[in-house]
Amino acid sequence: MFKFYGLKYLFEMVQPLKFDLYQGQQFIGQCQANLGEIIGDKQRIFYLSDLMNQRNGMISFKTERSQENIQKIKFDIYLQLNNSLFQSLLSLFKEQQSLSLILYKKVPNKQVILQTEPKPKQSQLNWRKIETSFEILCDNDPLQSIFCEVIQHEGFNQQSLGQFEFWKYQIDKKVCLFNITNLNNEIIGRSMIDQFEYDIEGQFYNFIQQGTQLALIIAIDFTESNKNPYHSESLHSISKESQYLQAIEQVANILMDYDSDKKVPMYGFGGIPKYLQNFNKHCFPLQGEAHNLDDIRRIYEFSVKNIKFDGPTCFNPMIRQTMKWAQEDLNANGNQYFVLLILTDGKYMDEDQTIMSIVDAGNLPLSLIIVGIGDSADLKAMDKLDGNNGLQDTLGRQAERDLVKYVHYNKVKNDQGQLAKELLDELPKQLVLYKTKNK
């Protein structure tokens, strides 16, 4: 077994790695894989190749976060002391008093984890943004208690005023209020753990390690506003590599690392395919199966030449189809999180239906990423779907979570890799929010 340290994992980037294996001076084999592929593959087993590029064995990987990069948590602690107790204590002491908190891990023995700074004593106190981890507090064990002691300071003297306990499983279930009791087991106040935040990157890593797969689906706009592909001004021009293909490859190159079967369904909308007799022009499969970037390029180039561009632009049928797949996987106890990539050159005509579907999709394992192609002024309509402030449909229903990200390709096209960074930067958080909400 060999151990490698110091690899910084970045979800939004392709991080290629190469491993050469020697026995003494003799070369045995080589393995090449992306870091995301190693983390995202269910088996984490890859083939070794010799100098003739023939398979010469296998290599398996196990990944874990370093101790310096364990899953951090942040939270605020508030204290509310009983007024009668507070007033009586003040009358006993003339000197200024202060309070601090000490957090202990109780197993196997009382071990101090952290101590807050003292604060002048008042009936209400708060300590904001305490940062630690459940690994440190309780070995990440939901049933191992975490002990917090309220310490009273006066000059160089200090004594325990009271204590409270909490557990990881309570925090996970949003239990945040705890009684503070003294040595006589009398309740002297209450504590509240608030604004609790998990490290999103750490949670995303954990879900992927536990087997969650990212299932990419690609939907391409073939409406007539893209213009004839045999003309150079077309956004699907066959005489040069189009923005459509560039954008698809940047995103697929990352997300396919997190899908063990590498199968990427490719669909079109707004066109009339010559190779299909019965079809829905707002949601039709492209011809062929994609398992790698070469397949994606081949299917795209064939489609451009064999689809009559038509219209209008509608998103809802494609979103509904993806929702159906997500629900079927959920019913089958699958562990996939679906990512629908829509590439379009202009305004969609079914806004109300699209927003209603996005609101409906809040309880499904699904995110929607949209790339605007070209420079049409109509692309501004896409900003409405990127609902950081919450989407509301015509029935007055508010989206339960943000699951849409939109990027205009022209704004990032001169910075290699920037499209994928911006499109995918919210995806880990969207997955984590869905997973934690639907435990």
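Each chain has its residues counted from 1, running along the sequence as written. Confidence filtering applies because this is a predicted model: local features only for residues at pLDDT of at least 70, side-chain atom pairs given and counted only at 80 or more, and all residues used for totals across whole chains, interfaces and linings. To get the side-chain values, take all heavy atoms of the structure and skip hydrogens and water.

Going by an unreviewed UniProt entry, the chain carries the name VWFA domain-containing protein and comes from Paramecium pentaurelia.

**Student:** Break down the environment of S49 for me, citing the residues and quoting the values.
**Tutor:** Residue position: S49 is located in strand β3 (residues 45-49). Put simply, S49 and W127 are 78 residues apart on the chain and 56 Å apart in space, counted from C-alpha to C-alpha. The contact criterion used is simple: two residues touch if any of their non-hydrogen atoms lie within 4.5 Å. In this structure, S49 is in contact with F27, G29, Q30, Q54, R55 and N56, ignoring residues within four places of it in sequence. What counts as a helix is a DSSP run of H or I of at least four residues, what counts as a strand is a run of E of at least two, and both are numbered from the N terminus.

**Student:** So, the nonpolar core: which residues are in play, and what are the values?
**Tutor:** With 61 residues, the main nonpolar core has I218, I220, L255, L341 and L424 as its most contacted residues. Contact partners of I218, with chain neighbours within four places excluded, come to I248, V264, P265, M266, Y267, I296, L341 and L343. I319, L340, L364 and L385 belong to the second-largest nonpolar core, a separate cluster that totals 33 residues. Think of a nonpolar core as a cluster: buried Ala, Val, Leu, Ile, Met, Phe, Trp, Tyr and Cys residues, connected wherever their side-chain atoms sit within 4.5 Å. Only protein chains enter the accessibility calculation, which uses a 1.4 Å probe; a residue whose area is less than 20% of its type maximum is buried, one above 50% is exposed, and one in between is partly exposed.

**Student:** Requested: an account of the state of the cysteines, with residues and values cited.
**Tutor:** We call a pair of cysteine sulfur atoms a disulfide whenever their separation is within 2.5 Å. Tallied over the full model, the rule gives zero disulfides. Distance from the sulfur of C314, which forms no disulfide, to the nearest cysteine sulfur (C283) is 11 Å.

**Student:** I'd love a proper account of the sheet that holds strand β21 (residues 404-408), names of residues and values included.
**Tutor:** One open sheet accounts for six strands, arranged β17-β15-β14-β19-β20-β21; its pairing is mixed. The outermost strands of the open sheet, each flanked by one partner alone, are β17 (284-285) and β21. The pairing criterion is simple: DSSP has to find at least two bridges between the two strands. Where strand β14 (residues 213-221) lies against strand β15 (residues 266-269), four bridges are found, and the strand directions are parallel. Across the sheet, the residue bridging to I218 is M266, located in β15.

**Student:** Got a sec to walk through helix α9 (residues 351-360)? Specific residues and values, please.
**Tutor:** Within the span of α9, buried status applies to T354, I355, S357, I358 and V359. Buried positions along α9 lie against α8 (316-331), β20 (366-372) and β21.

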